[in-house]
Amino acid sequence: MAKDSKPSWKKDHPSTFLSNSVLKADRSVKQAMSHPEEMAAEHAFNSILRAENAFANAVERNEHMDTVQQNKEQLDLMRQQLNEVHEQVEDQ
């Protein structure tokens, strides 16, 4: 079966993709905080990277900037939390 030739919804709705990515990253960071293990921290790091890429795309397309800014603030907080998790993992 051939792939659909329609553009991805992620490209059509970058602010929605950003919000979804931030939610996934938040869950990953919370998981890493409750179980500070290297694999959980790595998964959270990758989730944050995807969300940061979605953020850059949303900014590039001038999407709902108030929502985009809120998501950026949440990403910054998650970065700090992930740094704390990395410190815990290193101490183990």
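Participant: What should I look at first to understand the environment of Ala 25 in this one?
Facilitator: Mapped onto the elements, Ala 25 comes out in helix H2 (residues 14-34). Not counting chain neighbours up to four residues away, the residues in contact with Ala 25 comprise Ser 47, Ile 48, Ala 51 and Met 78.

Participant: Please explain the nonpolar core as it appears in this structure.
Facilitator: If you look at soluble globular proteins, the nonpolar side chains tend to sit buried side by side. If you look at the biggest cluster of nonpolar residues, it comprises 19 residues, and the most contacted ones within it are Leu 18, Val 22, Ile 48, Leu 75, Met 78, Leu 82 and Val 85. Elements that contribute at least two residues to this core include exactly H2, helix H3 (38-60) and helix H4 (65-91). Of the residues forming this core, the biggest block, 8 residues, is contributed by H3. Contact partners of Val 22, with chain neighbours within four places excluded, come to Ala 51, Asn 71, Gln 74, Leu 75 and Met 78.

Participant: Help me understand the environment of Asn 20 in this model?
Facilitator: Inspection of the secondary structure puts Asn 20 in helix H2. Asn 20 sits in the partly exposed class, given a relative accessible area of 31%. Taking the C-alpha atoms as reference points, Asn 20 and Ala 51, 31 residues apart in sequence, are found 8.3 Å from one another.

Participant: I would appreciate a short explanation of H2 in the present structure.
Facilitator: Count 3.6 residues to each turn of an α-helix, and residues three or four apart come out pointing the same way. The end-to-end C-alpha separation of H2 is 30 Å, in line with the 30 Å expected for 21 residues at 1.5 Å each. Those residues of H2 not exposed but buried are Pro 14, Ser 15, Leu 18, Ser 21, Val 22, Ala 25, Asp 26, Ser 28, Val 29 and Ala 32.

Participant: Hey, could you run me through the confidence of the model for the protein chain in this one?
Facilitator: Detailed conclusions should not be drawn from predicted coordinates in areas where pLDDT is low. Residues at a pLDDT of 70 or more form 90% of the protein chain, whose mean pLDDT is 88. Per-element confidence in the protein chain is highest for H3, whose mean pLDDT is 94, and lowest for helix H1 (residues 9-12), whose mean pLDDT is 68.

Reading the values: rules and limits
Residues numbered from 1 in each chain as written. Predicted model: local features only at pLDDT ≥ 70, side-chain atom pairs only at ≥ 80, totals over all residues. Heavy atoms only, no water. Helix = DSSP H or I, 4+ residues; strand = E, 2+ residues; numbered from the N terminus. Contact = heavy atoms within 4.5 Å. Core = buried A, V, L, I, M, F, W, Y, C linked by side-chain atoms within 4.5 Å. Buried < 20%, exposed > 50% of the residue type's maximum accessible area, 1.4 Å probe, protein only. Expected span 1.5 Å × (residues − 1). pLDDT = per-residue confidence, 0-100.

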